[in-house]
Structure formats: C-alpha cells, structure tokens
Amino acid sequence: MNTLDANRREFLKTSGTALAGAAVLPGFLDGIVRKASGPVPLADTATQIISDCAWCGSACGMKATVSGGVLTFVEGLPEDIQGGGKMCAKGKAATGYLYDPDRLKYPMKRTNPVKGVGVDAGWVRITWDEALDLATAKLKETIEKNGRDSVMILGLASPDVWARFQNCIGTSNRFDHWDECFLANRVVSANVIGGFVWGHDFANAKYIVTFGWDVVGKAKVVWARAVTDAKKKGAKIVSFNPYKAAGTSVVADEAISIRPGSDLAVVNAMIHVILAENLYDKAFVEGLTNFPQYETEIRAHFAPYTPEWAEALSDVPAETITRIAREFATNGPAIAPIHKKTPSANYANGSETTFAITILNVLAGTIDRPGGRFFPRTHTIPGIDAIVPPPAYPAKSGVDIVGRHRHPFLKAVGSGMFSCLADGLRKNPGKIQMGIITRYSTMAFPNPPEVEAELKKIPFTVVCDIFPNEIIELADVVLPSALYLEVSDLVARDHHAPYKMTVVRQPVVPPQFETKPLGSILLAWGLKAFPEYWKNPDGTPINMGYVLDEKTKRAGLGANFAEMKAKGFVKEVAPFVPRTSFPTASGKINIYVKAFADAGFEPLPTWKQKRDVPSSQYPFYLLTIIPPMHIRNTTENNRITNEIKGTNEVFINVQTARGLGISEGDTIKVRSRVGEIQVPARLTEAIRPDCVLVPHGFGHQSRLMTAAYGKGAKDAILVPGQSMDDILARKDVGGAACIMDAVVSIAKI
Amino acid sequence: MSTYGFLVDLGLCISCSACEAACKTWNNVPTGRNVRWRRVIDQVLGVWPKVTTYGVSMACNHCADAPCVKACPSGALTVRTKDGIVLLDKTKCIGCRYCESVCPYGAPQYDATEKKMSKCTMCVDRIDAGKEPACVDTCPTGALQFGKLVDIDHEGVKQIPNFAEPSYTNPSIRFVPKEG
Ligand code: SF4
Ligand code: SF4
Ligand code: SF4
C-alpha cells in the first residue's frame, strides 16, 4: 500500500519504496523451486481441487488449481457462504507459503548450546526418528524427575489430536494467545448469553455500530462482504475509531473519532439512553432476559452514565451519543459486533467493554435473530477420543505458573495468559524444564524481549512450526509441520453458519520435503512417548485414516472421507429458527450477571480507565493494526504479501508532526515505559492528533526468514506485560491482555 | 474506445489488496522486484477530523489514446484490435523505459532482473475464456468491477481527486466517487 496525502502527488509512478534485495543465507535449507512459469493454465488444462483456506478461522472454501503437480492458483468456492467465492490477499497468496524457500523442511537439532534470538543455533538436519527419540527421552526424563507441570506447552488446546497429546503429558502449564484475542469475550458471552459465538449476521442488519473491532479492516472475507452487502442494501454503518483509514471507518456512513480506551464510556451512555427512554426491544428483553428480575439494579447502575459524562471521557459529543443510541434502538435489526482482540483484549477495561457491547445487542433484541449476533448451526464432528477412547489420562494439578487458577473465570476457560507468561516464568525460576511450542512466535507477546529472556532459560524446547520464525532460535529440536494445503481434515463452518455446512480440507499437493501434518507428527511421537494412548485395544497403532472416516460418518457427511473428498462441500440448507431459550443455567440471557457478583466481580459493566494514560513524559496513545494482507506474525515472509506490505512505520497526525518538526520519512524514536523502537514517520490526516499508530507484525529477527528479516520494528516492544495480580487487582473478569494499552513519546532522531 | 474497462467504487474499497495478490498469482508475476501490476493507493482527503479516506485499486487503464504505445520504439506495446486491450510483447521489449516515462499511472514497470517492462494484460487469457480478470473476481466488497465500457461509462465518473487528467490518455476506468 502506498499512502498519498491530498494535493501532494498525482498517481504518478507509484513505485513506493524499492525493496532491498533479500539476503540469502547459505546453508542446508535448500530452496524449493516452483516449476510453473508463465500464466496459470485455465481450468481445462489443470485439475481443480476443493479444499479450504486456513489463515483465519472462517476458513473460506476454495478451489485450488494444480497443474503438473504444482499449485498455481486458488480461488473462492461460491457455494460456501463464508467466502462466497471470494478470497482475501492472505488466502490468494497460497503459492507464496507453499513454495516459500525458507520453509522448515526437515527435522533439525541445535549444535550451539547458546540460545537467543539472533544467535545462530548451528542447526543440523536429523531424521524424524532421531528427532522424536530425542524429544521423547527428554519428555519422559522431565516428567519423571520434575513432574508433569515442569513441561510447558505454548499452543492451542485444539485440534483433538493435539488435545490428546497434551492430556498424555498432563501439565497444567499450557498457555495460548487467547487473552490477547477473545478470552474476555468468551467469559462474558458464556455468562451473559450462554456461550461464545462467532456469528454476526451483518448482511441482514439495518444498523451496524462498531467499537474498537475494525471488522472490515481485518479483511476477513466473510465480514468484509457481509458489512458491504448491508451497506449496499441501505444499512447505516457507524464506526468509532481514533484512526479513520481503518476499513470499517472507510465504508462507514459516520466515522466518529473517539479517545482510545473510552469505548466503554460511550457504550454505557448509549445503554443509559436506551433504558431511560425505554427504547429497548420490550418483548425480547422482558421475555428472554433477567431484566424483569433485576430491573431496579440495572436502571440504577446505568443512571450515572449519562452522555455528558461519557463526552468528558471520550471526546464524543453528548448529542452524538444520544442520537446514535436512539438510532441504534429504533432502526433495527441493529448489531454492535464484538469478535476478538479489539475491543476485548486491547485495554485494561476490555472485559467491561465487551460486557457493555453484549448488553447493547441484548437491548436491541438481536441475539440469535436475523441481523444480529447468532449461535452457529454446525455439524457435530466427534473428536479422536470419542472414536478411539483413551485409557484414563493422568490427573492435572490445576495449578499453573501464571496463576490462572487464582481467577475463577479464567480457570474455567483454562486458556490464554500470554500477557502474564514472562511474569510467571520469572516468579517460578527453574520450574519449567521443557517447552513444547506449536505455531507461535515471540512476536505474539507483549514486550517480546522480556519473554525471550525467560524462554531461553528453559533447558530443552521442542518447536513444531511451518516457518522459521524467531521462536525456533530458542528451540533445541525443530519439527517441520505441513501446511493446510498438504493435510486432510473436515472443517465445519462456525463464523457465519445459519445452517449446517462443512468443507473438506485435503492435500492439494503432498507434504513438501519431509514436512508432516500435525496429526501424523503427534501419532508418531505419541507411539514413542505414550504408546498406550496411541494404540487401538488390539495393540495396533491408531489409524488416522480410519479416524477421519469415522468422523465423516458420525457427522453425517458421507460414508467415509473419500466420499467427502468427492463431494468437497456439504450443506444442509434449512430455515433459521431463532432461539427462544439460551444455553445459560436459567435459559434466559443474563443482563445482570449474578455469577460475577458472587465471585467478587462487577455484575454489570462498570467504568474503568485503561491502564496507561498519556502523561507529560509519554504524551501519545499507541495504536496498532494488523494490516489486512497479513495474519499476526505469520504471513510476513510470504513473498507475495511481503511485497504488498513488508515493513512498518509510525503514522503521525500532520499537525502533530509539524509541531515536533517531523517530516515524512524521518526516522522516529518511539518510546514507552518498557521499550523503544525506530521507524520512519508517515504523516497522515487520518489519525487523532493525540495518537500514533504502528502496524503490527514487522521487525522479524529470525535470519532464516529471508524476506521478512530485519524489516520494520515490533510495536509489541512498546507494550508492557502484566501479571495475574494486576488482573485480580483491577477485578478484570475476562483477563484482557492490554495489547494496545501503552502510551509513548515520539522524537525525530 | 476499448471494449472493456474497470469500475472502481471508492466507497467500497477497503485496501485489502486481495486484488493485487490475485493478479500476482494468476499472472505469475515475479516477486521481490517491485513489479506490481495492480496496487492499492490509500487516499486521505481533508484535514482531521473532517477527512475522507478510501483506497483506489489501480493497474493499467488500457487507454484508448495510449501514450505508451505511441512512445514505444520497438513495437512491443500494441493495441489488440478486437477489444482495445493494450498488450506488451516481452520478446520485442528492449527495456528503454519510454513507456514508463509517458504513462501517468505507473502501469508499465521495469523488471530490472529481466531488463524488460512488465504490465497488466487485463487478464486477456481469462477474458478470452469468458472470465472476469483475476483481480475483479476476488474483490470481496465489489469495489473493483469490470465490464463493457459502454455499460460502466454512465455508472461512474472519469475523474477523481489526484487522478491524472483523463483527457490526455482516455483511460478505460471509471470511478464511483465516495460521498462525504
Ligand atoms: S480487493 Fe477490492 S476492496 Fe480489496 S483492495 Fe482490491 S479493490 Fe479494494
Ligand atoms: S495506463 Fe499507462 S500503460 Fe496502460 S495503456 Fe494507459 S498509458 Fe499505456
Ligand atoms: S486485469 Fe489481470 S493483469 Fe490486470 S491487474 Fe487485474 S489481475 Fe492483474
């Protein structure tokens, strides 16, 4: 992307910054040469294979064109209503991942005992057997000597095969990025509407108002399409954002500037107006929620949150808040989306913000209604444990190094807490003796140097990944995993699923080099480390093909996986029947959450300030975005997406920059209370004068990522980590990671 | 006048660059040489807080009065007679970069590795097979559309802020301006 400010340049020679030639490292990581050249053959000379994209959770159905064994092109699968036949830049760049010359290709082990990001590990290629024997010996020894909790896993709890492997280990020290994503939303949704849902029926909404979540700017096709479809049908879109070049603000009818971290104030004031003027959906609220039972408490709670009060905190005029609240409540179906990261993880008040936005949707009466936030209608695909029941797993202690067990709601979810990991490792020296890390970069943490310093102390670490990101520089053994383009699976739709739909995932090409699908890796490792869990009752190894056949059959998708592959896509179109009871204990939606009050948290969304607020030392709010052609810390080395956006900058308001003597392109030192980065200045009129924005995902330090290495800087260096004490002290019910909660100074070098 | 043209709805372009990635893969354009047949240019008009923002997805405009064709000394750039698509024949290109200097849109780009120019073909192979260009086919919002110029002519305007004066080249692109 190039940014041109008005009246500065014509569309002349939009060459942007020339890309420096990527350094090619000599070594055994030999390049892979894409055989195709020239234009992609049209379908009649090539094979088209139905599968799906895996770069985000919506997993758009796709058709892959393969010619002479080489993937040349992917396009959307029109019958899949997630993508609707469209794909985003991340998905379209499929060949860029598959044929990335930097991919991890073989199992490797380190020869240099000195670990650190930027330190050459002295990798040597080993066989799968050697790698898994080494990993097994360490795993057994660690569990025996130091106990199950001395093994730490950084990885998601799913898929099912991975969960089985984790259960064999039996550690309570498993962490993931959920607190930086949708953990708060999960806790709030479970307690208010009875479960977490991805579904947002934007296309049928008449009024869409977004706080924090730049639903369009993330460029997930499912949402970008639906919001713009609504716009084409005449829906009104209102976006509150301190940065007006964000996608949702671009397509919005009204893009309203808001002070960072004050969305909660505006939402609470909207609730105030809707309650005071009795504009809520009476049938829904009185019939399907606990409003009648707690009406006095609810009205009293929101009474002080007037639009005038919110104006002082947010800079949004009181009359604008009142008008938007009235329009929202009377022009339905209305929806205020809350998905992930933003708004639930950005700031210390993320959980409360998510809670308030959820209530706004409840008052509009659109939970599980057309045009609202809805529960997915999905196929139920059984996990491996249902198909091949395991022997009893070892009991878990339930105690982890970050202290999740001290928080009743985070304990219940049992995920997240990357934001507390450095603190947890620091407070428990020597506790973790082995690490197993799947598909995470240290760039996924606030303050990466702090995390790297702790992770490198772990005596033995196994990393299973696709690309050589910086985390492998802290590894002892690396297991190369296959891409989504090389594996088999069933993917039930849940992002936009008004009826049941499942798409097949199948190898469009075989796994390249010696990479293996995660399931095969875990089966092979499991047979060595925990054989009794990875064998059938007759002593033969579990057959993953059989498991997939059973999943297909039991989910009602076909007789076996081969039949599913032939079909590609299965949908059971059925009318959408709105829920009249919700999966809460009472069957009603809880506006007032008694469970929160009983555990010492606020039963209704209560105003709290964000953690870091501007001071004379750090006068600017820090904002970040993930550019739409990238997925967090993963796609930056893809030659195609890297060429579109390969580095970052700091966006500064033009007036602000003038006041500080900063010109376009100057190198700027951006500093917070925990770190400092240097990036070029990009002047724009699209940002609040009291904010600066540094796009996320750049500043890769792994030399093995030859396209992304050394380009740009990590915004996360500016963001402080936190501890469970911090979360408990602020009574944060959802444990928001505060990944954008930083203030900074800027200066020209 | 060329037969086909692009229609860009500025109120719908979210700068996602799916169009650029589609172009890159369909046409197998090399990476790492800053040769980007299609690219998205973010526009910010006005002064904070009264700003209008949008992306403009731009490639070759297959101009009716293509200055690049006139400037090319080797006959490498030609206009396909049946539909006006401006095509580059790499075997004839001598890399003199004259076309680059006369095109107001940065469409012909110099590939320093091949020492030749490189340019959008309007996906002529797809058009001949009855398909839309790859970039248009994937645009998730419908911001980038394609059609017969006679059809899109009255759906959009010829000029938007910061766009080079169209009377000079008569480009096959129309814009639906963004309100506000
Ligand atoms: S794909 Fe469409 S919305 Fe995305 S940048 Fe291109 S023209 Fe704009
Ligand atoms: S846009 Fe440029 S390259 Fe394309 S036809 Fe017009 S002048 Fe020639
Ligand atoms: S028409 Fe084809 S060649 Fe031209 S920009 Fe679009 S995808 Fe690229």
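Refer to the structure presented above.
Throughout this document, residue positions are counted from 1 along each chain, in the order its sequence is written. To read the labels, note that chains go from A and ligands from 1, taken in the order they are written. Since the coordinates come from a predicted model, pLDDT governs what is reported: local features require at least 70, and pairs of side-chain atoms require 80 or more to be given and counted, while whole-chain, interface and lining totals use all residues. As a rule here, side-chain values cover all heavy atoms of the structure and leave hydrogens and water aside.

**What to know about the overall build of chain B**
The helix count covers DSSP runs of H or I at least four residues long, the strand count covers runs of E at least two residues long, and both are numbered beginning at the N terminus. When helices and strands are tallied, chain B shows six helices and nine strands. All radius of gyration figures rest on C-alpha atoms, and the globule criterion is 2.2 Å times the number of residues raised to 0.38. Computed over the C-alpha atoms, the radius of gyration of chain B is 16 Å, within 12% of the 16 Å expected from 2.2 N^0.38 for a compact globule of 180 residues. C-alpha extents for chain B along the principal axes are approximately 50 × 35 × 30 Å. Only protein chains enter the accessibility calculation, which uses a 1.4 Å probe. A residue is then buried if its area is under 20% of the maximum for its type, exposed if over 50%, and partly exposed in between. Within the span of chain B, comprising 180 residues, buried residues form 64% of the whole. Contacts are assigned to residue pairs with any non-hydrogen atoms lying within 4.5 Å of each other. Taking the contacts inside chain B whose residues are at least 6 apart along the sequence as the reference set, 60% of them involve residues at least 24 apart. Of note, chain B has its 21 positive side-chain charges centred 6 Å away from the centre of its 18 negative side-chain charges. This count recognises Lys and Arg as positive and Asp and Glu as negative, with His and chain-terminal groups excluded. To locate a charge, the coordinates of NZ of Lys, CZ of Arg, CG of Asp or CD of Glu are taken.

**Some details on the interface of chain B and chain A**
Contact residues are listed per partner, giving 61 residues for chain B and 64 residues for chain A. Joining two parts hides part of their accessible area as seen by a 1.4 Å probe, and the buried area is that hidden amount summed over both. Taken together, the two surfaces of chain B and chain A that pack against each other cover about 5,000 Å², and 57% of this comes from carbon and sulfur. Definition used for salt bridges: Asp or Glu carboxyl oxygen within 4 Å of a side-chain nitrogen of Lys or Arg. At the surface where chain B touches chain A, the tally comes to one salt bridge. A salt bridge links Lys24 of chain B to Glu643 of chain A; the nearest nitrogen and oxygen atoms lie 2.4 Å apart. The term polar contact refers here to a pair of N or O atoms within 3.5 Å; inside protein, the definition further demands a hydrogen-donor-capable atom paired with an acceptor-capable atom, and it admits residues adjacent in sequence only when both atoms are side-chain atoms. Across the contact surface, chain B and chain A share 10 residue pairs in polar contact (both at pLDDT 80 or more). Contributing elements (two or more residues each) for the side of chain B that touches chain A: helix H1 (18-26), strand E2 (39-47), strand E3 (50-58), helix H3 (98-102), helix H4 (124-128) and helix H5 (134-138) of chain B. Any residue outside Ala, Val, Leu, Ile, Met, Phe, Trp, Tyr, Cys, Pro, Asp, Glu, Lys and Arg is labelled polar, Gly included; the first ten of those are nonpolar and the last four are charged. Of the residues in the side of chain B that touches chain A, the class split is 31 nonpolar, 18 polar and 12 charged.

**Some thoughts on the pattern of salt bridges**
Opposite charge on two side chains lets them pair, provided their charged atoms get close. The tally for this structure, following the rule as stated, stands at 57 salt bridges over all chains. For Asp128 of chain B, the salt bridge is made with Arg80 of chain B, and the minimal N-O distance between the two is 2.8 Å. Of the two residues, Asp128 of chain B is situated in helix H4 and Arg80 of chain B in the loop between strand E4 (77-79) and strand E5 (86-88); the sequence distance between them amounts to 48 residues. The exposure class assigned to Asp128 of chain B is partly exposed, which follows from its relative accessible area of 45%. Sharing partners across several salt bridges, the network here consists of Lys236, Glu254, Arg323 and Glu327 of chain A.

**Concerning the nonpolar core**
Generally speaking, nonpolar side chains in soluble globular proteins are found buried as a group. Remark: nonpolar core denotes a set of buried residues (Ala, Val, Leu, Ile, Met, Phe, Trp, Tyr, Cys) joined through side-chain atoms within 4.5 Å. Residues Met152, Leu154, Phe328, Leu421 and Leu455 of chain A are the most contacted members of the largest nonpolar core, which totals 100 residues. With 10 residues, helix H8 (residues 263-276) of chain A is the largest single contributor of residues to this core. Non-local contacts of Leu154 of chain A, meaning those with residues more than four positions away in its chain, are made with Phe175, Phe418, Leu421, Ile436, Ile437, Thr438, Tyr440, Phe445 and Leu455 of chain A. Within the second largest apolar cluster, 50 residues are counted, among which are Ala66, Cys93, Met117 and Ile127 of chain B.

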